[in-house]
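# Secondary and tertiary structure notes
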Amino acid sequence: MYAQRKGGRKMSDKMEIYYFSPTGGTKKVSDIFAAAVGKDVVWHDLRDKQTPTKQPQGELIIVAAPVFAGRIPSVVREKIKTLAGEGKKAVTIAVYGNRAYEDALLEMNDILIQGGFTVIASAAFVAQHSIVPEVGAGRPDADDIKEIRTFAEAVKSSTSAENVHVPGNRPYKPEMNVAAAPLSLPTCTSCGACAKICPTDAISNMDGKMATDAAKCILCMACIHACPKQARILPPPLQEKTDNMLAAFKAARNENETFF
Ligand SMILES: Cc1cc2nc3c(=O)[nH]c(=O)nc-3n(C[C@H](O)[C@H](O)[C@H](O)COP(=O)(O)O)c2cc1C
């Protein structure tokens, strides 16, 4: 796993991390993982529409995605389908909001294996729920950090050349299909931060007001998270419905899972 430079100094190989993190939880987990692996990292933000998804050059490819309704977000699915594995090793990380990750890891692994990668390890880690922050509040916490680091150490020393088995069902759960989008409150100054961050170009300035196309919106919460005036919210009935649906997960602690 290490190349020797001419001068004799050990140089670690490059690790490339493809991640999507609308509200920062997936990035937080990825940062902890990357620091523990200790390789030079090339980061690819899958939200970035301008950055073309390059073919991986590094020896180790990591894909980290949040779980949306037991699946991976469509943005992640479409981008990772374009990666050519050519026998490279990959590791997948699903970050979920303390409810369940269901078919997300399986879907991610299926796509990468079909693209020519060997997926040698996978993990499902918990982070705070991006719609109901009382669910998984404060996670990843100190215990999670230890577990993410242990996973990173195991990945670093893995010699596997086999695809890992992960839980999940085929066909996968039907994709989330909610015809709704966040709203702008009267305190919105139309600064455009929401439109800039939206991964699906669902938000535009229409005659001085921010308008959101619900058909394009994937409810990723990036715009709500990015609004400097806290002027973006989910439609109250949808927020209330989700709060109620997740009420049982506020007090519960779901665990991280790793697979080799
Ligand atoms: C639209 C949507 C659907 C979600 N579905 C699930 C789910 O099925 N299970 C779960 O445990 N968490 C779910 N979550 C929570 C996220 O997976 C979790 O908060 C994750 O950390 C978000 O990643 P981010 O902070 O990188 O945006 C969902 C969040 C959103 C926005």
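Residues numbered from 1 in each chain as written. Predicted model: local features only at pLDDT ≥ 70, side-chain atom pairs only at ≥ 80, totals over all residues. Heavy atoms only, no water.

The subject of this paragraph is the side chain of Asp-144. As for its position among the elements, Asp-144 is in helix H4 (residues 142–157). Of note is the side chain of Asp-144, whose polar atom sits 2.8 Å from the backbone nitrogen of Asp-141. At 3.3 Å, the side chain of Asp-144 and the side chain of Arg-253 are in polar contact. With sequence-adjacent residues up to four places away left out, Asp-144 is seen in contact with Val-126, Arg-139, Arg-253 and Asn-256. (Helix = DSSP H or I, 4+ residues; strand = E, 2+ residues; numbered from the N terminus. Polar contact = N/O pair within 3.5 Å; in protein donor to acceptor, adjacent residues only side chain to side chain. Contact = heavy atoms within 4.5 Å.)

As a further point, take the nonpolar core. Within the largest apolar cluster, 33 residues are counted, with the highest numbers of intra-cluster contacts made by Ile-72, Ile-80, Leu-105 and Met-108. Elements supplying a minimum of two residues to this core: strand S5 (60–66), helix H2 (74–80), strand S6 (89–96), helix H3 (104–114) and strand S7 (118–126). Taken together, domain 1 (2–173 + 252–259) and domain 2 (183–233) each give at least three residues to this core, which thus spans both. Contact partners of Met-108, with chain neighbours within four places excluded, come to Val-63, Ala-65, Ile-72, Ile-80, Thr-92, Ile-93 and Ala-94. Core analysis: the second largest hydrophobic core is formed by 24 residues, Val-29, Val-37, Ala-123 and Ile-148 among them. (Core = buried A, V, L, I, M, F, W, Y, C linked by side-chain atoms within 4.5 Å. Buried < 20%, exposed > 50% of the residue type's maximum accessible area, 1.4 Å probe, protein only. Domains from an automatic or database assignment.)

In this section: the domain arrangement of the protein chain. With domains assigned, the protein chain is organised as domain 1 (2–173 + 252–259) and domain 2 (183–233). Taking only C-alpha atoms, the centre of domain 1 and the centre of domain 2 are 28 Å apart. Across the boundary between the two partners, domain 1 contributes 10 residues, which contact 11 residues of domain 2. When the two sides are added together, the surface that domain 1 and domain 2 hide from each other amounts to roughly 930 Å², 67% of it contributed by carbon and sulfur. Of all residues in domain 1, Thr-23, Arg-47 and Lys-49 give up the largest surface area on contact with domain 2, accounting jointly for 47% of the area buried on that side. The interface formed by domain 1 and domain 2 includes one salt bridge. A salt bridge links Asp-201 to Lys-49; the nearest nitrogen and oxygen atoms lie 3.3 Å apart. Between the two partners, domain 1 and domain 2, sit three residue pairs in polar contact (both at pLDDT 80 or more). The residue inventory of the side of domain 1 that touches domain 2, partitioned by class, reads five nonpolar, three polar and two charged. (Buried area = accessible area lost by both parts, 1.4 Å probe. Salt bridge = Lys/Arg side-chain N within 4 Å of Asp/Glu carboxyl O. Nonpolar A, V, L, I, M, F, W, Y, C, P; charged D, E, K, R; others polar.)

Attention shifts here to the packing of aromatic side chains. One pass over the full model with this rule turns up five aromatic pairs. Here Tyr-19 and Trp-43 contribute two aromatic rings whose centre-to-centre distance is 5.6 Å and whose plane-to-plane angle is 90°, an arrangement assigned as edge-to-face. Highlighted residues: Tyr-19 in strand S3 (residues 14–19) and Trp-43 in strand S4 (residues 40–45), separated in sequence by 24 residues. According to the relative accessible area criterion, Tyr-19 is buried, its value standing at 11%. An aromatic cluster is present here, built from Phe-33, Phe-125, Phe-151 and Phe-260 joined pairwise through their rings. Over the aromatic face of Tyr-19 sits the side chain of Lys-27, whose NZ or CZ is 5.7 Å from the ring centroid. (Phe/Tyr/Trp six-rings, centres within 6.5 Å; stacked < 30°, edge-to-face > 60°. Lys NZ or Arg CZ within 6 Å of the ring centre and 35° of its normal.)

We now examine the pairing of S4. Relative to S4, S3 runs parallel, the two sharing six bridges. Its bridge partner lying in S4, Glu-16 is registered against Val-42. Where the polypeptide runs from S3 across helix H1 (residues 25–37) and back to S4, its parallel neighbour, the crossover connection is right-handed. (Pairing = 2+ DSSP bridges. Right-handed = clockwise from strand over helix to strand, strands pointing away.)

Taken together, 25 residues are adjacent to the ligand, and Ser-21, Thr-23, Gly-25, Val-67 and Gln-128 come closest. In the environment of the ligand, an oxygen atom lies 2.7 Å from a nitrogen or oxygen atom belonging to the backbone of Val-67. Relative to its unbound accessible surface of 640 Å², the ligand loses 97% to contact with the protein. At the level of secondary structure, the elements contributing two or more residues to the shell around the ligand comprise H1 and S6. Residue composition of the shell around the ligand, grouped by class: 13 nonpolar, 11 polar and one charged. (Near = heavy atom within 4 Å. Areas by Shrake-Rupley, 256 points an atom, 1.4 Å probe, with all protein chains shown as cover.)

With that out of the way, let us pick up the sheet that holds strand S12 (residues 257–259). Taken in spatial order, the six strands line up as S4-S3-S5-S6-S7-S12 in an open sheet, and their pairing is mixed. One side of each edge strand has no neighbouring strand; the edge strands of this open sheet are S4 and S12. Neighbour to neighbour, the strand axes of the sheet diverge by 15° on average, direction disregarded. The pairing of S5 with S6 spans seven bridges and is parallel. Paired with Ala-65 across the bridge in S6 is Ala-94. (Axes fitted to C-alpha atoms, helices over the stretch in contact; angles between N-to-C directions.)

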